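# Reading the structure
Next come the chains, spelled out residue by residue.
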Amino acid sequence: MKPFEYERAADAAGAIATLTREAPRAMYLGGGTNLVDLMKLGVAAPELLIDVSHLPHDRIEPLADGGLRIGAAVSNSALAADRTVRARYPMLAQALLAGASGQLRNLATVGGNLLQRTRCSYFTDVSKPCNKREPGSGCPARDGDHRNLAILGHSEACVATHPSDMAVALVAIGSLVHVEGPGGARTIPLPGLHRLPGAAPQRDTVLEPGDLITAVELPPLPLAARSRYRKVRDRASYAFAVTSIAAALELDDDGTVRDSRIAFGGLSHVPWRALAAEEELRGLPATEASFARAADAELAHAQPLRDNGFKVPLARNLLVRTLAELAAEQGARA
């Protein structure tokens with residue numbers, strides 16, 4: 001690891017001013033569970049780390065409209081254990097618990113989790129070309145090892161996937177990300193924070209230099225209380241998703257689908273909100289045939305590569321099974 005300077009931010013304004021002045025040699029440091037690994041690998045080499053983990057963004061607070069405001073410095077462990085989150089947004093708590101080991105969850109922060117970099121092996125190996133790490137150098141994953149990479153929204157320049165489990169649930173919920181930056185404060189909806197690769201895969205998000213995530217806001221969403229996160233991975237212990245789903249379902253009294261929220265992980269450069277599937281489901285009977293029809297509508301534009309075509313039926317089956325279980329639970333309570 002290359003030598004670097006360290007500075008603990010006293011407030012958000014000071015952190016933003018310092019990073020804006022020192023960019024591109026400076027980076028924010030939260031829990032460090034992703035950044036420090038990238039520094040050890042030589043992928044990231046900041047000369048100055050600005051520690052924002054001690055700023056007063058470590059609270060989970062109820063909002064007047066019934067939603068929740070989650071500070072960016074809240075640890076993944078604290079968020080997963082919060083009683084309100086577990087009761088009203090269970091897919092978020094489940095996603096956090098599926099995302100990492102206990103030791104990592106104790107350090108990892110909400111803001112940092114949203115900004116994780118891809119775990120594509122070509123990105124993390126500095127001896128190989130990678131458009132995300134070195135724009136214009138190429139994407140060897142397209143013809144190389146891409147079994148666990150994207151089938152939706154990828155480009156000629158990049159087929160990497162976003163690794164966060166938490167972000168998939170936040171996208172399904174329709175959360176808001178609060179950001180402060182050199183131009184002032186603004187709010188970014190999810191989806192909307194993360195970018196598809198296009199011709200500029202080095203940009204993971206729409207954030208500008210100096211922008212600092214301060215909080216995530218969960219809207220009041222009654223159907224989120226009837227939700228689930230399911231993750232398919234190569235081993236039962238800590239591993240990134242081959243495919244995952246965050247889903248919530250609301251049925252009318254006659255058993256038809258009133259509303260749903262669905263997002264996939266492990267399929268794209270971004271946490272993928274399944275808007276086509278949600279639209280297809282509305283008004284249909286809550287049956288496996290309907291759920292399969294919705295999955296087909298969402299996956300119709302998938303473009304699998306040589307070795308990851310198995311993700312299409314895997315994602316289809318994952319959606320059908322998860323929604324069927326949610327529907328059965330609601331039927332049992334009726």
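For the structure itself, look to the data block above.
Scope of this entry: the structure provided in the associated data block. All residue numbers here refer to positions counted from 1 along the written sequence of the relevant chain. In keeping with the model being predicted, local features are shown solely for residues with a pLDDT of at least 70 and side-chain atom pairs are shown and tallied solely at 80 or more, while totals for entire chains, interfaces and linings include all residues. No hydrogens and no water enter the side-chain calculation; it runs on all heavy atoms of the structure.

Another point: the overall build of the chain. Check the secondary structure of the chain and you find 11 helices and 12 strands. Based on the C-alpha atoms only, the size of the chain along its principal axes is roughly 60 × 50 × 35 Å. Buried residues in the chain amount to 53% of all 334 residues. By the convention used here, residues are in contact when the closest approach between their heavy atoms is within 4.5 Å. Restricting to contacts in the chain with at least 6 residues of sequence separation, those with at least 24 account for 64%. All accessibility values rest on the Shrake-Rupley procedure with a 1.4 Å probe; residue burial counts only the protein chains present in the view. Total accessible area on the chain is roughly 14,400 Å²; 52% of this is exposed by carbon and sulfur atoms. Charge counting follows a simple rule: Lys and Arg are positive, Asp and Glu are negative, and His as well as the terminal groups are ignored. A charge is said to be at NZ when it belongs to Lys, at CZ for Arg, at CG for Asp and at CD for Glu. Of the charged side chains in the chain, 37 are positive and 37 negative; the average position of the first set lies 4 Å away from that of the second. Comment: elements are numbered from the N terminus, with helices defined as DSSP H or I runs of at least four residues and strands as E runs of at least two. A simple rule labels every residue: compare its accessible area, found with a 1.4 Å probe on the protein chains alone, to the largest value its type can have, and call it buried under 20%, exposed over 50%, or partly exposed in between.

Since the α-helix turns once every 3.6 residues, residues separated by three or four places project in the same direction. Across the eight residues of helix H8 (residues 166-173), eight count as buried, placing the element largely inside the fold. Those residues of H8 that sit buried are Met166, Ala167, Val168, Ala169, Leu170, Val171, Ala172 and Ile173.

So, on to the nonpolar core. Ranked by size, the top nonpolar core spans 40 residues in total, and within it Leu92, Leu114 and Leu218 carry the most contacts. Mapped onto this core, the elements with two or more residues apiece are strand S5 (68-71), helix H3 (76-81), helix H5 (90-99), helix H7 (110-114), H8, strand S6 (176-181), strand S8 (212-218) and strand S10 (243-251). Considering each element in turn, this core owes the most residues, eight residues, to H8. Apart from residues no more than four positions distant in its own chain, Leu114 is found in contact with His162, Met166, Ala167, Leu170, Val177, Leu190, Leu193, His194, Ile213 and Val216. For this analysis, a nonpolar core means a set of buried residues of the types Ala, Val, Leu, Ile, Met, Phe, Trp, Tyr and Cys, connected via side-chain atoms within 4.5 Å.

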